[in-house]
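# Summary of structural features
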Amino acid sequence: MPERWIDAVSAVLGGVPARCWCVTLARRPERWAAFRDGCPIAESVEKFDAVDGATCTVPSVSSIPAGAWGCLQSHLAILRKAMLHGLHRDGGIVVAFEDDAVFAPDFRERSLDLISRCPGGWDMIYLGGQHTHGSERHPRRVADGIVQAYSVNRTHAFVVRGAAIAAAYVHLADLGLIAATPHRHVDHRLEELHRSGRLAVYAPERWLVGQREGSSDVTMSRRKDAERWWHPDVVLG
């Protein structure tokens, strides 16, 4: 098995091209340091400079906070870079983390097992997140420890593959959709794509990545949240 986690991921998927990036603000080096210190796959994760909401202007079509606009633009930039590397072709993958990600102790082994056993037609795998819209449809167990998701919130840890990279980019960059629902953040916009049924989205029954305690650079709030995992308490369909 390859030493680097991202190479092992590539190997279990048949040797497809794969990159792993973590979004972090240049002005917050302590967050990048904390991420690296707690990351069991640090050798695989490349630093990706976030778009700083404090220095950009939110267009009139959107009503989200500047930090949330920066977060949206950061994820668009990751998807765009993935396409520049050709990862949207031939089943290539991009793994995206945010710098407040905190990992389960057995993350390396469980994540490789999850990715290797997901149904072959998957488009996105959420390693951490929050299932939403449970009143409409519950996550559905498809294999031991694996669910097909209906709508997943949060963007601190996910994998996206092949043509879904381009589909997510086009959806997130659509100014018409942004103008129609100007209050929605990037994770809510990805939820729209999930619920449309255009992508096959999967997740572990128990999350592999949570969010570290601290304040949010997205909402630019001084409130300090506790570490959060959002393990689902819904009935699996």
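We now turn to the structure provided with this report.

Reading the values: rules and limits
Residues numbered from 1 in each chain as written. Predicted model: local features only at pLDDT ≥ 70, side-chain atom pairs only at ≥ 80, totals over all residues. Heavy atoms only, no water. Helix = DSSP H or I, 4+ residues; strand = E, 2+ residues; numbered from the N terminus. Contact = heavy atoms within 4.5 Å. Areas by Shrake-Rupley, 256 points an atom, 1.4 Å probe, with all protein chains shown as cover. Lys, Arg positive; Asp, Glu negative; His and termini not counted. Charge placed at Lys NZ, Arg CZ, Asp CG, Glu CD. Buried < 20%, exposed > 50% of the residue type's maximum accessible area, 1.4 Å probe, protein only. Pairing = 2+ DSSP bridges. Disulfide = S-S within 2.5 Å. Salt bridge = Lys/Arg side-chain N within 4 Å of Asp/Glu carboxyl O.

Looking now at the overall build of the protein. Scanning the protein from terminus to terminus reveals 7 helices and 12 strands. Based on the C-alpha atoms only, the size of the protein along its principal axes is roughly 45 × 40 × 35 Å. Excluding contacts between residues fewer than 6 apart, the proportion of contacts in the protein whose partners are at least 24 apart in sequence is 75%. Accessible area of the protein: about 10600 Å², with a carbon and sulfur share of 50%. The centroid of the 28 positive side-chain charges in the protein is displaced by 3 Å from the centroid of its 28 negative side-chain charges.

If a strand is regular, its side chains alternate between the two faces of the sheet. What you see with strand β11 (residues 201–204) is no split at all: Val201 and Ala203 on one side and Tyr202 and Pro204 on the other are buried throughout. Inspection of the sheet shows strand β8 (residues 146–148) paired to β11 by 3 bridges, in the antiparallel sense. Counted as the bridge partner of Ile146 is Pro204 from β11.

This part covers helix α1 (residues 5–12). Trp5, Ile6, Ala8, Val9 and Ser10 are the residues of α1 that are buried. Buried residues along α1 sit against β1 (18–24), β3 (93–98) and α4 (107–117). Downstream of α1 by a residue or two, Gly14 has a phi angle that is positive, lying close to 90°.

Turning our attention to the environment of Ala54. With respect to the secondary-structure elements, Ala54 resides in the loop between β2 (46–49) and α3 (66–84). Spatially, the C-alpha atom of Ala54 lies 35 Å from that of Ala200, the residues being 146 residues apart in sequence.

Right, let's get into the state of the cysteines. Inspection of the entire model under this criterion finds 0 disulfides. With no disulfide partner, Cys20 has as its closest neighbouring cysteine sulfur the one in Cys39, 7.2 Å distant. Classification of Cys39 by relative accessible area gives buried; the value is 8%.

Moving on, we get to unusual backbone geometry. Positive phi, close to 60°, is recorded for His133, a residue that is not glycine. Assignment of secondary structure puts His133 in the loop between β6 (130–131) and β7 (140–143). The partly exposed category is assigned to His133, whose relative accessible area is 32%. Backbone geometry places Trp230, a non-glycine residue, at a positive phi of 55°. Within the secondary structure, Trp230 sits in the segment after β12 (209–211).

On to helix α7 (residues 186–195). α7 sits mainly inside the fold: 8 of its 10 residues count as buried. Buried within α7 are the following residues: Val186, Asp187, Arg189, Leu190, Glu191, Glu192, Leu193 and His194. On its buried face, α7 sits against α3, β5 (124–126), β9 (152–153), α5 (163–173), α6 (175–180) and β11. The positive-phi residue at the C-terminal boundary of α7 is Gly197, with phi of around 80°.

Another aspect to go through is the environment of Met124. Within the secondary structure layout, Met124 lies in strand β5. In this structure, the C-alpha to C-alpha distance between Met124 and Leu172, residues 48 residues apart in sequence, is 15 Å. Once residues lying within four places of it in the same chain are set aside, the contact partners of Met124 are Phe158, Val159, Val160, His194, Leu199, Ala200, Val201 and Tyr202.

Okay, the pattern of salt bridges next. Under the criterion given, the structure shown has 13 salt bridges. Asp7 serves as the salt-bridge partner of Arg4, at 2.9 Å between the closest nitrogen and oxygen. Overall, the relative accessible area of 34% leaves Arg4 in the partly exposed class. Across the pair Asp225 and Arg228 runs a salt bridge, and its minimum N-O distance is 3.7 Å. A network of salt bridges, in which partner residues are shared, links Arg184, Arg189 and Glu192.

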